[in-house]
Amino acid sequence: GIEYIDSYYFNQAEYVRFNSTVGKYVGYTEYGVKNAETWNRDYLAQELGALERYCKYNADIDYSAVLDKT
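An account of the accompanying structure is given in this report.

Cut-offs applied
Residues numbered from 1 in each chain as written. Predicted model: local features only at pLDDT ≥ 70, side-chain atom pairs only at ≥ 80, totals over all residues. Heavy atoms only, no water. Salt bridge = Lys/Arg side-chain N within 4 Å of Asp/Glu carboxyl O. Buried < 20%, exposed > 50% of the residue type's maximum accessible area, 1.4 Å probe, protein only. Helix = DSSP H or I, 4+ residues; strand = E, 2+ residues; numbered from the N terminus. Phe/Tyr/Trp six-rings, centres within 6.5 Å; stacked < 30°, edge-to-face > 60°.

**Section: the pattern of salt bridges**
On inspection of all chains with the given rule, the structure shows three salt bridges. Its salt-bridge partner being E14, residue R17 comes within 2.8 Å of it at the nearest N-O pair. Exposure remark for E14: the relative accessible area of 18% places this residue in the buried category. Its salt-bridge partner being K34, residue E30 comes within 3.8 Å of it at the nearest N-O pair. Taken together, the positions of E30 and K34, both in helix α1 (residues 30-42) and four residues apart, correspond to about one turn of that helix. Given a relative accessible area of 61%, E30 falls into the exposed group.

**Observations regarding the packing of aromatic side chains**
Taken as a whole, this structure holds five aromatic pairs when the rule is applied. A centroid spacing of 6.0 Å and a plane angle of 55° characterise the contact between Y4 and F18, whose relative ring orientation is tilted. Placement of Y4 in the segment before β1 (5-10) and of F18 in strand β2 (residues 13-19) is noted, with a sequence separation of 14 residues between them. Looking at Y4, the relative accessible area reads 25%, which means it is partly exposed. Between Y8 and W39, the aromatic rings sit 4.9 Å apart at their centres with planes inclined by 65°, giving edge-to-face as the arrangement. Of this pair, Y8 sits in strand β1 while W39 sits in helix α1, and the two are 31 residues apart along the sequence. By relative accessible area, W39 is classed as buried at 15%. Taken together, Y4, Y8, F18, Y25 and W39 form an aromatic cluster joined through their ring pairs.

Below is the structure:
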């Protein structure tokens with residue numbers, strides 16, 4: 001399967017990540033946990049919609065192109 005990860009960094013340290021396998025934002029620092037809670041409440045539907053519209057659509061195209069070359 002394909003996994004989509006959207007990571008956010010501050011001062012070279014990852015503080016929050018959206019992972020399509022988990023299906024939500026996860027925080028890795030105190031600040032990141034607070035952001036994840038807010039983003040899961042306010043933006044999760046948008047992230048999941050973008051995943052469906054863009055990532056899965058283009059993944060099918062890219063995967064087909066790779067298969068055509070093998």
